[in-house]
Amino acid sequence: MSLFGRDLAMDLGTASTRIYAKGRGIVLSEPSAVWRDPLTGKVVGVGQEAASRADGETYWPVNGGLPIDGELTRRMIRHFLRKVHWHPFSRPRLVMAVPDHFTPMEQHALRDLGYEAEARRIVLVQHALAAALGAGLPVRDAAGHMIIDVGCASTRIGVVARGCVVAAGTAGGGGHAVNRAIVRLLDEEHDLLIDEQEAETVKRAAGPSGQDGDRRVTVRGHDRESGRESTVQVPVQEIYEAAGQPVDSIARAAMETVARCPAELAADLVERGAVLVGGGALLRGLGRRLRAGLGFPVRRAAHPQESVVLGLGRCVDDLGLIAKLRRR
C-alpha cells in the first residue's frame, strides 16, 4: 500500500498549503512559497524554507486558488506530497478544492498539475462546499448557508444548499487589501512609510472595532521626507476607518451573491447568517463590521484557517461523500 500512497486532501492557498491525510488529520501546513537560486535559477527551497528567505528570490506561485506559474506550482506540490509520504514512488489519491468560478479549462489545468506531481487520481470539490463542510455546516439541508472565505488576496463567497453551491461571488478585499489601506493611511496622513508586514502588526494591535476608541497605536516606519526611522502614535479609529473600504467591498459582494439566490434561500440567509473562514477571518472586528453592512448574523468558524482542508479531509475519509450529498 505504501506504493499507492495514503489518500490525501490538499488546500492549495495563496499564502499557505495544508495537507490532510486519511486517518491522520492535518499533516502539513507550510507557506505556498518557492525559492530559486539567484545565480542558477534552480529551485533550492520550498515552503517554510523559501518563505524565510529575504533576498527577493522567493516566489508565491498561487493566487486565488489558481496557479499563476504552473511549473513552480507543480514542483511545490510534488515537494509537499513527497514530504508527507516516506516512499519516493508513492502515488496517492488527492482531493483538492476548486474555486467556484473556475472554468472547465482551468479545472483541467489543475488536474494536470496534480497528475504531474505524481498523484494517481484527482478529485475536485467546490471550494465553498469544502469550506462549509469543514466549518461544520449542515450542507445537506434544503436551507441555504453562506460561507465567506477571507483570504490574503481576495474573498470568496458561496451559498450552499442540498450539497451544492447555489451561488458564488468574489471580492477584491482580503487581508492584503486591508494592509495596503493602512499603508496608504500612514503615508498620506502621517508622512510615514511602512511595509505590509508592519501594517499587519498595526492591524492586530488596533484590536476589536468599537473598543477603546480613544486609544492610540505606536507605528514604526521611515519618514517620507528624510528617510530616517520614525515613530508615530495613530488613533485606532483612523485604522478602523482605513480598513473600512475593503470590508465594505466584501459586504457588497456578499449582498450581490444573496441577490442571485432564489427568494426562499435568501430568506434563510437573513435568519441563519454567514460563517467566516480563512486567515482573514481572524481580523478583529471583521464580523462586527460585516454584520453592520449585511444586516444579518455573521460568526467565525471554530477553526477558520483549517476549514477548507478539514472539509476536504471529510471527502478523503469518504470519497463518495460528494455524490451522496447530491443524491439527497
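Throughout what follows, the structure given in this document is the object of discussion.

Quick word on the overall build of the protein chain
So, step 1. A tally of helices and strands in the protein chain yields eleven helices and 18 strands.
So, step 2. Relative to its length of 328 residues, the protein chain is compact, with a C-alpha radius of gyration of 21 Å against a globular reference of 20 Å.
So, step 3. Along the longest, intermediate and shortest principal axes, the C-alpha atoms of the protein chain span 60 × 60 × 35 Å.
So, step 4. Taken over 328 residues, the protein chain has a buried fraction of 51%.
So, step 5. The long-range share in the protein chain, meaning contacts at least 24 apart out of those at least 6 apart in sequence, stands at 61%.
So, step 6. Carbon and sulfur atoms make up 48% of the accessible area of the protein chain, which totals about 15500 Å².
So, step 7. Within the protein chain, one finds 43 positive and 39 negative side-chain charges whose respective centroids are separated by 9 Å.

Here's the deal with the packing of helix α7 (residues 236-259) against helix α9 (residues 286-294)
So, step 1. Where α7 contacts α9, the axes come no closer than 9 Å and their chain directions differ by 55°. Between α7 and α9, the crossing angle belongs to the class labelled oblique. Note that α7 runs across α9; the crossing there is right-handed. Contacts from Tyr240, Glu241, Gly244, Val247, Ile250, Ala251, Ala254 and Met255 of α7 reach α9 at Leu286, Arg289, Leu290, Gly293 and Leu294.
So, step 2. Residue classes in the contact of α7 with α9 are distributed as nine nonpolar, two polar and two charged.

Reading guide: rules and limits
Residues numbered from 1 in each chain as written. Predicted model: local features only at pLDDT ≥ 70, side-chain atom pairs only at ≥ 80, totals over all residues. Heavy atoms only, no water. Helix = DSSP H or I, 4+ residues; strand = E, 2+ residues; numbered from the N terminus. Rg over C-alpha atoms; globule rule 2.2 N^0.38 Å. Buried < 20%, exposed > 50% of the residue type's maximum accessible area, 1.4 Å probe, protein only. Contact = heavy atoms within 4.5 Å. Areas by Shrake-Rupley, 256 points an atom, 1.4 Å probe, with all protein chains shown as cover. Lys, Arg positive; Asp, Glu negative; His and termini not counted. Charge placed at Lys NZ, Arg CZ, Asp CG, Glu CD. Axes fitted to C-alpha atoms, helices over the stretch in contact; angles between N-to-C directions. Parallel < 35°, antiparallel > 145°, perpendicular 65-115°, else oblique. Left-handed = near helix turned anticlockwise from the far one by under 90°. Nonpolar A, V, L, I, M, F, W, Y, C, P; charged D, E, K, R; others polar.

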